[in-house]
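For reference, the chains in residue letters:
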Amino acid sequence: MSKPRTYTYFPGCMIPYRLPHFELTAREVLKKFNVELETHSEHSCCPEPTTFTGVDFEAWVTIAARNVAVSESTGNETVALCSGCFHTLAVANHMVQEDEELKKRINKRLKKSGLEITGKHTIKNILHVLHKDIGLDVIKKQVTNPLTSLKIAPHYGCHLVRPLEATHMDHAENPQWMDDVIRTTGAEIAEIEDKMACCGAPIMPSGEDKALTITASRLDQIKASGADAIVVVCPTCYTQLETQQAKVADKFETEYNIPVLYLGELLAFSMGMTDIVTANQRRFHRVKLGALLEKIGGTP
Amino acid sequence: MVKQETMLDLEFRSWLLEQPEGETLLRCYQCGRCTSACPVAEIEPSFNPRLFLQKILIGDKSIAENQLVWNCLTCEQCEVRCPEHVKIPHILILAKVRGLMAGNVPLAALDRARTIISEGRSLSVSSPMLKTRTKMGLPDLGTPSMDQIVAMLADIGIVGKLENVKSVYGDAEDE
Amino acid sequence: MTKTAVVIGAGLAGIQVAQQLTDLGIVVHLIEKESIIGGLSTHLGRVFPTGDCALCLDASTEIFDGQHRRCQYRGLVTEKKNLKLHTLTEIKSISEVDGNFKISIKSQPRHVDLDRCVVCLECIEVCDVNTPDEYGIRGGTRKAIFRPIPQGVPLAPLIDMEHCTKCGKCVDICKVNAIDLEEKESTKTIKADALILATGVEEKVPLDFPGYEYRTSEDIITHAELARLLDPAGSTNGEVTTSSGNTVSEVTMVLCVGSRDLDAAEYCSQACCTYSLKHADMLRDLGIDVTICYMDLRVPKSSEHYLTLAREKGVKFLRGKPDSVIIRNGKPMTIVEDTQSQKRMQIESDLVVLASPLSPLADQNDALAEFIGEYGFISRVAKEGRVYACGTATGPTDIPTSIAEANAIALQVYTDLEGGV
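What you see is a predicted model, and the numbers here were worked out from it, not measured in a lab. (Residues numbered from 1 in each chain as written. Chains lettered and ligands numbered in written order. Predicted model: local features only at pLDDT ≥ 70, side-chain atom pairs only at ≥ 80, totals over all residues. Heavy atoms only, no water.)

Caption draft 1: Region of interest: the environment of H131 of chain A. Residue and element names in this part refer to chain A. Along the chain, H131 falls in helix α7 (residues 126-134). Expressed as a C-alpha distance, the spacing of H131 and D180, which sit 49 residues apart in the sequence, is 7.8 Å. The residues contacting H131, other than those within four sequence positions of it, are L136, W177, D180 and V181. Only 2.9 Å separates the side chain of H131 from the side chain of D180, close enough to count as a polar contact. (Helix = DSSP H or I, 4+ residues; strand = E, 2+ residues; numbered from the N terminus. Contact = heavy atoms within 4.5 Å. Polar contact = N/O pair within 3.5 Å; in protein donor to acceptor, adjacent residues only side chain to side chain.)

Here it is as structure tokens:
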């Protein structure tokens, strides 16, 4: 086997310490393509883009730039599995690229730790790696258990995609990359109204009622599409659509029972690695996966 | 006649325009597409991004202390639809920053910021979780050098700010 | 020696500049890619500033005196000896040799001889083919041998070979042997001393304007389409109907759909405010309620009466740019902030009419590439003493301004070619 392709993995906080099944399935799926994720102990919180920005933007962009600079020192491209982390690193990197004054100011601060941000480093998310670097044809070859019985609702989430000038994704309103990756597993894509609608999570700290109203509307849209499951990339969207799903259903006196999967979990199913999902399902999935597993011929 | 408070207001506007991407505010021609695109405005009539931009444009700094700005999802739907590519969520972020010392910051946001500055993570890492990671065969991630990070932020003064801020948000708003 | 000018585009500006120059003794070749002259105006029905039929605004010195007009339909474009009209013709290349232009053109066959045809139109009656009418809306059809509009100049029909079955019925019935089903395209080279670009604009079809479901709904239309609905000679006989054939009682209009927008046309299309008001007035006369969503109203002084009239007739004005126009329960719904009351509105109506940008046609022809400037428009003097532009080719504007500019350019060309003080 040839030398593995190595990325510097930016872990952040939510995925490694709340939802490690994201990391596990991503690593296992990427191994199939000879891709390795290397960590660096100097990576801190990205910091997250929904509240820390509004506390102190200058500190946010500086810490984010430091994380990019740490990545740069490894010589490998960076992949962030979490959409919030990806957004933070990509936006900070882009801002530094565009604003010489900012770059100077930040590099002056980084110098104390012997770090430097050039603005030229590449920050990727899992879709860049799967869709662009690995390629759909190569992924398809690893699909041993086609999920043709499933209809999947891809929920992209805002921070994975926007703003385009920093994320370098395919489209701000009608992205296709996750749809394409899901199709390689044999699953059908459910047509959801308002493809890029927000999950509501960012305003949980400031207005939970409004946040949950938005979450309910998102779940309603997905339910109407007849999807068997929602697939996400972002751990925050996951928390909102999965962990909070029962709470939303109670609040609005309705029922959803829509399983939510991380994209890596869906790919694991399709590549015959159902075990790594089922081993952790009780702990990380509040919405039961039983019916879904039965449908794809796994053990419920 | 120029009054004292008007000058103070213009200082807020000038500060904002000097921030990275802050000058995109000047492209706003108040068409209101942001407000009709906004998912929060749809459920909360007092949340009006166009009006917030108008206030900042005319030098009204009250927006920084208005709790409504924290209702922005940062989903960027407004920005995607804005015919002038105004960085609306970013401008609201800058308004939040200016409201910090007046306490316009949700408790959960403040707690999270304090955790980040002291531990380098947005959440506390528990030992059971570290065990879970080991059990799952996931590598140890190590810990970043917090002293270096804090030293790097010295000129921004965030540590002092976080020590002194008192959130005006009640506990009920806390997650 | 007699000088020759080539005018590209026989819209209102092209017709005007061509007539003025022939009147001044210059030989003019007027090149038009469509089968009839008039350009955008042939789609518009009534036009400002007077609300007359667009086709009346042919070149005429009396054009704005309110007394007498010559009609394009009964005009002189096909009658003047030193004005040669080439329809169905495109520019293939332009080269400059010793201070003269060599312009090669290619004409598609009309299959009807303009010199022989007496416009009895019996050929159209015997044709068995029915195909969608480009000028129609709500399902209007035409024959394979047809006239795009009854008043189109030249008056003779043409044959659309894409749909013609070559059954020969039209050939048999024609008493003057004007029809030749085998006519081939022809090419020609014209030597000219000056070149005038009057290539005009088209209404951009807002197929993919984000948030607006124009592509999927026949009840979300453009102003050019509304003009076809309002035209008494059009396929609906002037009746404004929904796609399902119902009577329309409420119309919402949206201005600047893709104008003054960094993702679409950055410029202001200048004429849309006024034609929206004109259409609003016409709809009010039919008893239809109209709401106009605008950012600001840019109406030139010569057309301000349309605004006054619209206010008097009870047109509702709402200041705000809608984020979306979607279909809800089978009807178009416009979602917009009324920026004056600061209320987010959801307006249901039977029809939504979008003011889409006027976009330049010159950049669709590679032969003209060297003259194209910002946004695809052309400077009035594109090349000193040689190449000129007028009308909407220089930037979107209304008809009165187009005509005035054509007059000015005619004088400039004449002065440059014939000398003067």
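Caption draft 2: Seen up close, the interface of chain B and chain C. In this complex, chain B contributes 21 residues to the contact, which on the side of chain C involves 20 residues. Interface area for chain B against chain C, summed over the two sides, is near 1700 Å², with a carbon-plus-sulfur share of 43%. Among the residues of chain B in contact with chain C, Y29, R33 and S36 of chain B are the three that bury the most area, contributing 33% of the side total. The interface formed by chain B and chain C includes four salt bridges. Across the pair D323 of chain C and R81 of chain B runs a salt bridge, and its minimum N-O distance is 2.9 Å. Connecting chain B to chain C are 16 residue pairs in polar contact (both at pLDDT 80 or more). Elements that contribute at least two residues to the side of chain B that touches chain C include exactly α2 (33-37), α3 (39-43), α4 (49-57) and α5 (77-81) of chain B. (Buried area = accessible area lost by both parts, 1.4 Å probe. Salt bridge = Lys/Arg side-chain N within 4 Å of Asp/Glu carboxyl O.)

Caption draft 3: Seen up close, empty space enclosed by the protein. Taken as a whole and judged by the stated rule, the model has seven cavities of 30 Å³ or more. Around the largest cavity sit 17 residues that line it, and H87 and V91 of chain A together with E76, H90 and I93 of chain B are the ones nearest its centre. For the lining of the largest cavity, the secondary-structure elements that each account for two or more residues are α4 (57-72) and α5 (83-98) of chain A together with α6 (88-99) of chain B. Class assignment of the residues belonging to the lining of the largest cavity gives a composition of eight nonpolar, five polar and four charged. (1 Å grid on protein atoms, 1.4 Å probe; cavity = no way out; pocket = protein on both sides within 12 Å on 5 of 7 lines; lining within 4 Å. Points joined across faces, edges and corners; volume = space filled by probe spheres on them. Nonpolar A, V, L, I, M, F, W, Y, C, P; charged D, E, K, R; others polar.)

Caption draft 4: How the structure looks around the interface of chain A and chain B. Between chain A and chain B, the contact holds 66 residues from the first and 62 residues from the second. Buried surface at the junction of chain A and chain B, both sides included, amounts to about 5600 Å², of which 63% is carbon and sulfur. The largest per-residue losses of area from chain A upon contact with chain B belong to Y17, V55 and P205 of chain A, which jointly make up 14% of the total buried on that side. The tally of links between chain A and chain B comes to seven salt bridges. The salt bridge involving K210 of chain A is made with E44 of chain B; its shortest N-O contact spans 3.8 Å. Taken together, the links from chain A to chain B amount to 20 residue pairs in polar contact (both at pLDDT 80 or more). The biggest single contributor to the side of chain A that touches chain B is α4 of chain A, with six residues. Split into classes, the residues belonging to the side of chain A that touches chain B amount to 27 nonpolar, 22 polar and 17 charged.

Caption draft 5: Inspection of the side chain of T199 of chain C at higher detail. Assignment of secondary structure puts T199 of chain C in the loop between β13 (194-197) and β14 (201-203). Once residues lying within four places of it in the same chain are set aside, the contact partners of T199 of chain C are I8, L361, A362, L368, I378 and A393 of chain C.

Caption draft 6: Quick look at the sheet that holds strand β7 (residues 229-232) of chain A. Residue and element names in this part refer to chain A. Read across the open sheet, the four strands follow the order β6-β5-β7-β8; overall the sheet is parallel. Both edges of this open sheet fall to β6 (188-189) and β8 (260-262), since each of them pairs with a single strand only. Across two bridges, strand β5 (residues 151-155) lies against β6 in parallel orientation. For I152, the partnering residue across the bridge sits in β6 and is I189. (Pairing = 2+ DSSP bridges.)

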